[in-house]
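# A closer look at the structure
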Amino acid sequence: MFKFFKTARLSIILLAVMFLLIFLHYLNVLLPAENLAIWLLAPIQQRVYAAGARINNLYFAVASQSELTKSNQRLEQEVANLTVANAELKTRLEESHELLLQNDFLARHDYTAIAARVIGKNPEPTRQAIILNKGRQDGVKVNLPVLASNGVIAGKISQVKANSSEAVLLYDSRSRIAALVQNDAKSKGVVFGEHGLSLKMNFLPQTEAVKIGQIAVTSGLEANIPAGLVIGKVQRVEAESNSFFQTAWLAPLIKLDDLTVVSILKSPNDN
Amino acid sequence: MIINFLINLLFLLCLGIVQVSFLSTWPSPVSSLNLILTLAIFITVIIDYDQGLYWALGGGLFLELYTHLFFGITTLSLILAMILINVLFSNFFTNRSFYSLMILGLIASLTYNLLVLLFQFLLVLFKLSAEPIFFDFKFQFVWQPFFNLVILAVIFFTFFTFTGRLKSVFLTPASRP
């Protein structure tokens, strides 16, 4: 007989505990404990996330310097040291600047929004989503748009908890957003995320001219998402003669990987 | 007992935070590394199976807070992966060697990802979830196991260097029969 059965008792007990926890979770009995844990850990995670993003940026900075000659190495080291020394200050300045830009944009368009900090990313490798420190208690709802910068949309809220939420980024494979290209015909289509890497705009009519460099913005056809939020710039257009539609590939105007503060645009009905 | 529990809990929380808030900022595919799974494998194979199971439960519950998956999938997959490697270890492996750890680590990483997919599939099949299943073979079945094994090797050698258990032992003339 397998030796396994000698040690099976604890395994069975833990599996039973897990099934009990699943049951309690869906009865919402565990919700206060889950919310408390997220609330307690959020400040630590915020700092760890900022440190991780800084190290990541530093890594890329150092990696890109490898091609320089030896005479530049001393100078590079000094730059790296200064970068580390000033990193925290820079992060705070960038955040303030970002918030000012976002506030300015919101004020100009008479939008109301919830400012949120990024405290982590979804741990699943196939999902490009960020975790924010604002949740249901702050008025966050599913499908509200998340703005990254001066009117640039970063994604949509996909999941809301009491004091945290998750936003799926535009280039996640699950992301879909109604959009139009700012050309003469105002060509409408749908922007899809492609494998967490790029943005593809489908269903653009063949009869309408879409050119490289034109800007794609939200069309306003989706509930909660106003028209005119910038998605990206047309990088490549593919039109096949036997198809009704053409496809455009978009380049995001900002880097979505190292967001630290965002604005969640409230629905006009909530104001 | 309580101190041991608190130390384990603190270590688990630190590791969980590093997993969710630190590693996730790193470029792909390094971000695919699953530290909780790696530590649970190491503890199950090298230290103690019971403790490994507790780690799988605790670590899984921590990850449940931040994953969009149906509650319980991550933890159940972790626990079942630990049970499987314990069965294999008890019946088919002779000692707690580096090679055993690597093989069981690979099996556990693949099993964990396979179970996550299987549970998602079952939920869709029984109409308990409408979430589409996204499957990335390279990420889940190549890069994640690879990085998990690298970290397992690092932990193995660090652990045995600090505990001194890896020192070669030779028979001295006095000890010979």
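Residues numbered from 1 in each chain as written. Chains lettered and ligands numbered in written order. Predicted model: local features only at pLDDT ≥ 70, side-chain atom pairs only at ≥ 80, totals over all residues.

### Points about the overall build of chain B
- Scanning chain B from terminus to terminus reveals six helices and zero strands.
- When the helices and strands of chain B are read in sequence order from the N terminus, they spell out α-α-α-α-α-α.
- Excluding contacts between residues fewer than 6 apart, the proportion of contacts in chain B whose partners are at least 24 apart in sequence is 66%. (Helix = DSSP H or I, 4+ residues; strand = E, 2+ residues; numbered from the N terminus. Contact = placed C-beta atoms within 7 Å.)

### Remarks on the overall build of chain A
- Looking only at helices and strands, one finds three helices and 12 strands in chain A.
- Taking all 271 residues of chain A together, 33% fall into the buried category. (Buried ≥ 20, exposed ≤ 12 C-beta atoms within 10 Å, placed from the backbone.)

### Focus: the packing of helix α3 (residues 49-64) of chain B against helix α4 (residues 73-92) of chain B
All names here are of chain B.
- Here α3 crosses α4 at 160°, and the two axes come no closer than 7 Å. Here α3 lies roughly antiparallel to α4, going by the angle between them. Both α3 and α4 take part in a crossing whose hand is right-handed. Residues Tyr-49, Gly-52, Leu-53, Ala-56, Leu-57, Gly-59, Gly-60, Leu-61, Leu-63 and Glu-64 of α3 lie in contact with α4, whose contacting residues are Thr-74, Thr-75, Leu-78, Ile-79, Met-82 and Asn-86. (Axes fitted to C-alpha atoms, helices over the stretch in contact; angles between N-to-C directions. Parallel < 35°, antiparallel > 145°, perpendicular 65-115°, else oblique. Left-handed = near helix turned anticlockwise from the far one by under 90°.)

### Let's talk about the sheet that holds strand β7 (residues 188-194) of chain A
All names here are of chain A.
- Pairing in this closed barrel of six strands is antiparallel, and the strands run β6-β7-β8-β11-β10-β9 around the ring. Neighbouring strand axes in the sheet, compared pairwise and without regard to direction, differ in orientation by 40° on average.
- Examined bridge by bridge, strand β9 (residues 215-218) and strand β10 (residues 230-239) share three bridges and lie antiparallel to one another. Paired with Ile-215 across the bridge in β10 is Lys-233. (Pairing = 2+ DSSP bridges.)

### Quick look at the sheet that holds strand β3 (residues 145-147) of chain A
Residues and elements named next belong to chain A.
- Spatially, six strands are ordered β1-β2-β5-β4-β3-β12 in a closed barrel, and the strand pairing comes out antiparallel. Neighbour to neighbour, the strand axes of the sheet diverge by 45° on average, direction disregarded.
- As judged from the five bridges shared by strand β4 (residues 153-160) and strand β5 (residues 165-169), these two strands associate in the antiparallel manner. From the neighbouring strand, Val-160 faces β5, where its bridge partner is Ser-165.

### Examining the interface of chain B and chain A
- With 37 residues of chain B in contact, the opposing surface of chain A contributes 38 residues.
- Within the residue set of the side of chain B that touches chain A, elements represented by two or more residues are α1 (2-22), α3, α4 and α6 (137-163) of chain B.
- Looking at the side of chain B that touches chain A, the element that brings in the most residues is α4(B), giving eight residues.
- Taken together, the residues of the side of chain B that touches chain A sort by class into 20 nonpolar, 15 polar and two charged. (Nonpolar A, V, L, I, M, F, W, Y, C, P; charged D, E, K, R; others polar.)

### A look at the nonpolar core
- Counting residues in each nonpolar core, the largest one holds 100 residues, and the members touching the most others are A:Ala154, A:Val191, A:Ile231, A:Val262, B:Ala40 and B:Ile79.
- Here B:Ile79 is in contact with A:Leu14, A:Leu15, A:Met18, B:Leu53, B:Ala56, B:Leu57 and B:Gly60, once residues within four sequence places are set aside. (Core = buried A, V, L, I, M, F, W, Y, C linked by C-beta atoms within 7 Å.)

### Observations concerning helix α1 (residues 8-26) of chain A
- In a regular helix each residue adds 1.5 Å, so 19 residues correspond to 27 Å; α1(A) covers 27 Å between its end C-alpha atoms and thus fits that length.
- Of the residues making up α1(A), those classed as buried are A:Ser11, A:Leu14 and A:Met18. Viewed end-on, α1(A) has its buried residues packed into an arc of 70°, placing them on one side of the element. In α1(A), the exposed positions that point more than 90 degrees away from the buried face belong to A:Arg9, A:Ile12, A:Ile13, A:Ala16, A:Phe19, A:Leu20 and A:Phe23.
- On its buried face, α1(A) is in contact with α3 and α4 of chain B.
- Two residues or fewer after α1(A) comes A:Asn28, characterised by a positive phi angle close to 65°. (Expected span 1.5 Å × (residues − 1). Arc of directions from axis to C-beta.)

### A short note on the confidence of the model for chain B
- Chain-level pLDDT for chain B is 86 on average; 92% of the residues reach the 70-or-more range.
- Across the whole predicted complex the pTM is 0.63, and at the interface the ipTM reaches 0.80. (pLDDT = per-residue confidence, 0-100.)

### A few points about the UniProt feature "transmembrane region" (unreviewed entry) in chain B
Residues and elements named next belong to chain B.
- Here, UniProt's "transmembrane region" (unreviewed entry) annotation points to residues 6-26, 33-49, 69-89, 101-126 and 146-166.
- Between the end C-alpha atoms of residues 69-89 the distance is 30 Å, and the span holds 81% helix and 0% strand.
- Segment residues 101-126 splits into 96% helix and 0% strand. End C-alpha atoms: 36 Å apart. (UniProt positions renumbered as here; feature names shortened; annotations may be inferred.)

### Details of the environment of A:Val181
Residue and element names in this part refer to chain A.
- Topologically, Val-181 is positioned in strand β6 (residues 176-181).
- A tally of 26 C-beta atoms within 10 Å means that Val-181 is categorised as buried.
- For the pair Val-181 and Met-201, spaced 20 residues apart in sequence, the C-alpha to C-alpha distance is 9.3 Å.
- If we skip the residues at most four places from it in the chain, Val-181 touches Ser-187, Leu-204, Val-210, Gln-214, Ala-216, Val-234 and Ala-248.

### So, the pairing of β6(A)
All names here are of chain A.
- Bridge count for β6 against β7 is five bridges, and the pairing is antiparallel. Its bridge partner lying in β7, Leu-180 is registered against Lys-188.
- Once β6 ends, the chain turns through six residues before running back antiparallel as β7, passing Lys-186 with a positive phi of about 50°.
- As paired strands, β6 and β9 are joined by three bridges and run antiparallel to one another. Of the residues in β9, the one forming a bridge with Val-181 is Ala-216.

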